[in-house]
Amino acid sequence: MKKGKGLYAIAFASLLFGTTLSSCSGSSDDDNNIVPIIIPANTDEECCNAEETFLAYAFLNNGYVKEIEQLRDTIDGKYELRAYSANGKLHVGYNELFFALTKLSNKGYVRDFSVTGIKPLMTMTAMGMTHSTPTQTEAVLHDAKFPAVRRAWVSFLMNSENGYWELSYTASTNNKSITHEPVKVTVDALADGQAWLKSFKVGTETYYLSLVNPLDLQVGTNTVKAYVSKRGSDKSEPYELAEETFTINIYPTMPDMGNHTSPDNQALTRQADGSYEGTLNLSMTGTWDIHLQVIDAAGNTVAGGEGLSDLYWTVTR
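Being a predicted model, the structure only gives us computed values, none of them experimental.

Thoughts on unusual backbone geometry
Part 1 of the argument: In the Ramachandran plot, Lys107 falls in the positive-phi region, its phi being about 65° despite a non-glycine side chain.
Part 2 of the argument: Among the secondary structure elements, Lys107 is positioned in the loop between strand E7 (93–103) and strand E8 (114–124).
Part 3 of the argument: Residue Lys107 is classed as partly exposed on the basis of its relative accessible area of 48%.
Part 4 of the argument: Unlike most non-glycine residues, Asn259 shows phi in positive territory, near 60°.
Part 5 of the argument: By the secondary structure assignment, Asn259 is in the loop between strand E18 (247–254) and strand E19 (260–261).

If you want it as structure tokens, here you go:
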């Protein structure tokens, strides 16, 4: 048996027998970082079973996602909601947010809860104006194997340098709900030369192209995913997914290598969940400009173009 699978089996067996495990999310010398796994009694129908609890715990304590503590809140004095992101930080462009609800009486993960009305708001101090950004305003089930975790995303237009971002949401469970009032969060700039969020206009309407998890792209063939959001008449409200359907052709080139391209790329097309997916081939490591051609349902090019268009994401792999 492989070491990783053996450890998983031992841990899961311990959970099934009702023992409490603990895992250190930081230094092994720091007992304050130890987070126990609590398996509530089988009679508590609100909470996850042993397998669901283990999977949720393993995901939320994998060292990749960490809590954004200022987004923590309680519901009816009986439940505690926590929000997580990659490394507990936020940056310009696409960010996934994960939510988990625990029962304060027994620390068990709660199965059924909702997080809605997710609203990021930027206040630009010098200009005295506010605006929102592309957002999935309602969290969805992250994985059917462990219903204790909900997922949403926010794609930030800019960093916090020229003002401040706030986030708010509404959480509900067992016919009880709270509204987490706007709280300041820090949004970091991307590394120089990176661009993971781009906009285009069609007539008077403004759309945004959010590249999903660009750091996951690898040399070779990738399934590439993006969202197309549309800004409404009220700029302070979240920019939700565009109802229009587009086709997004992609033309990757390497600006540091004479703009050579790569073969076997396939256009991003709309999926059932509203996202866009295609195939991107990165033939070598380095910086890539992923040039975009946006085509509407009637076959008209409405933004960008073939080859070296002026609409592109930039990623380094």
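Moving on from the coordinates now.
Concerning the side chain of Ser262
Part 1 of the argument: Relative to the assigned elements, Ser262 resides in the loop between E19 and strand E20 (266–270).
Part 2 of the argument: Of the polar contacts made by the side chain of Ser262, one reaches the backbone oxygen of Asn281; its length is 2.4 Å.
Part 3 of the argument: Setting aside residues up to four positions removed in sequence, Ser262 forms contacts with Pro252, Asn281, Leu282, Ser283 and Trp288.

Quick word on the nonpolar core
Part 1 of the argument: Counting residues in hydrophobic clusters, the biggest one holds 56 residues, and the most contacted among them are Phe99 and Leu209.
Part 2 of the argument: Among the nonpolar cores identified, the runner-up in size contains 16 residues, and Leu55, Leu60, Ala100 and Val149 belong to it.

Quick notes on the side chain of Asn159
Part 1 of the argument: Take Asn159: it is sitting in the loop between strand E11 (149–156) and strand E12 (163–173).
Part 2 of the argument: Overall, the relative accessible area of 18% leaves Asn159 in the buried class.
Part 3 of the argument: For Asn159, the contacting residues outside a window of four places in its chain are Val92, Met122, Trp165, Val187, Asp188 and Ala189.

Topic: helix H2 (residues 50–60)
Part 1 of the argument: Most of H2 sits out of view: nine of its eleven residues are buried.
Part 2 of the argument: For H2, the set of buried residues is Ala50, Glu52, Thr53, Phe54, Leu55, Ala56, Tyr57, Phe59 and Leu60.
Part 3 of the argument: Where H2 begins, the capping side chain belongs to Asn49, and its oxygen is found 3.2 Å from the backbone nitrogen of Glu51.

Some words on the packing of aromatic side chains
Part 1 of the argument: A full pass over the atoms with the stated rule returns eleven aromatic pairs.
Part 2 of the argument: Here the aromatic rings of Trp153 and Tyr227 are separated by 4.5 Å at their centres, their planes lie at 20°, and the arrangement is stacked. Placement of Trp153 in strand E11 and of Tyr227 in strand E17 (residues 220–230) is noted, with a sequence separation of 74 residues between them.
Part 3 of the argument: Look at Trp153 and you get buried, because its relative accessible area is 1%.
Part 4 of the argument: Here the aromatic rings of Phe200 and Phe246 are separated by 5.9 Å at their centres, their planes lie at 90°, and the arrangement is edge-to-face. Residue Phe200 is located in strand E15 (residues 197–202), and its partner Phe246 is located in the loop between E17 and E18; the two are separated by 46 residues in the primary sequence.

Describing the pattern of salt bridges
Part 1 of the argument: A complete count under the given rule lists ten salt bridges for this structure.
Part 2 of the argument: A salt bridge links Asp76 to Lys78; its shortest N-O distance comes to 3.9 Å.
Part 3 of the argument: When its relative accessible area of 37% is taken as the criterion, Asp76 is described as partly exposed.
Part 4 of the argument: A salt bridge links Asp273 to Lys225, with the nearest nitrogen and oxygen atoms 3.9 Å apart. In this pair, Asp273 is assigned in the loop between E20 and strand E21 (276–282) and Lys225 in strand E17, connecting sequence segments 48 residues apart.
Part 5 of the argument: Judged by its relative accessible area of 23%, Lys225 is partly exposed.
Part 6 of the argument: When salt bridges with common partners are traced through the structure, they connect Glu67, Arg72, Glu80 and Arg82 into a single cluster.

Criteria and thresholds
- Residue positions are counted from 1 within each chain, in the order its sequence is given.
- Only residues with pLDDT of at least 70 are given local features in this predicted model, and only at 80 or more are side-chain atom pairs given and counted; all residues enter the totals for whole chains, interfaces and linings.
- The side-chain values count all of the structure's non-hydrogen atoms but skip hydrogen atoms and water molecules.
- Under the DSSP-based scheme used, a helix requires at least four consecutive residues in state H or I and a strand at least two consecutive residues in state E, with every element numbered from the N terminus.
- Type-normalised accessible area, obtained with a 1.4 Å probe on protein chains alone, sets the label of each residue: buried when under 20%, exposed when over 50%, and partly exposed for intermediate values.
- What qualifies as a polar contact is a pair of N or O atoms within 3.5 Å, subject to a donor-acceptor requirement within protein and to the restriction that residues adjacent in sequence count only when both atoms come from side chains.
- Whether two residues are in contact is decided by their heavy atoms, any of which lying within 4.5 Å being enough.
- Remark: nonpolar core denotes a set of buried residues (Ala, Val, Leu, Ile, Met, Phe, Trp, Tyr, Cys) joined through side-chain atoms within 4.5 Å.
- Centre distance within 6.5 Å is the pairing criterion for rings of Phe, Tyr and Trp, where only the six-membered ring of Trp is used; planes under 30 degrees apart are then read as stacked, over 60 as edge-to-face, and the remainder as tilted.
- Put simply, a salt bridge is a Lys or Arg side-chain nitrogen that is within 4 Å of an Asp or Glu carboxyl oxygen.

Shape descriptors only; they carry no functional weight alone.
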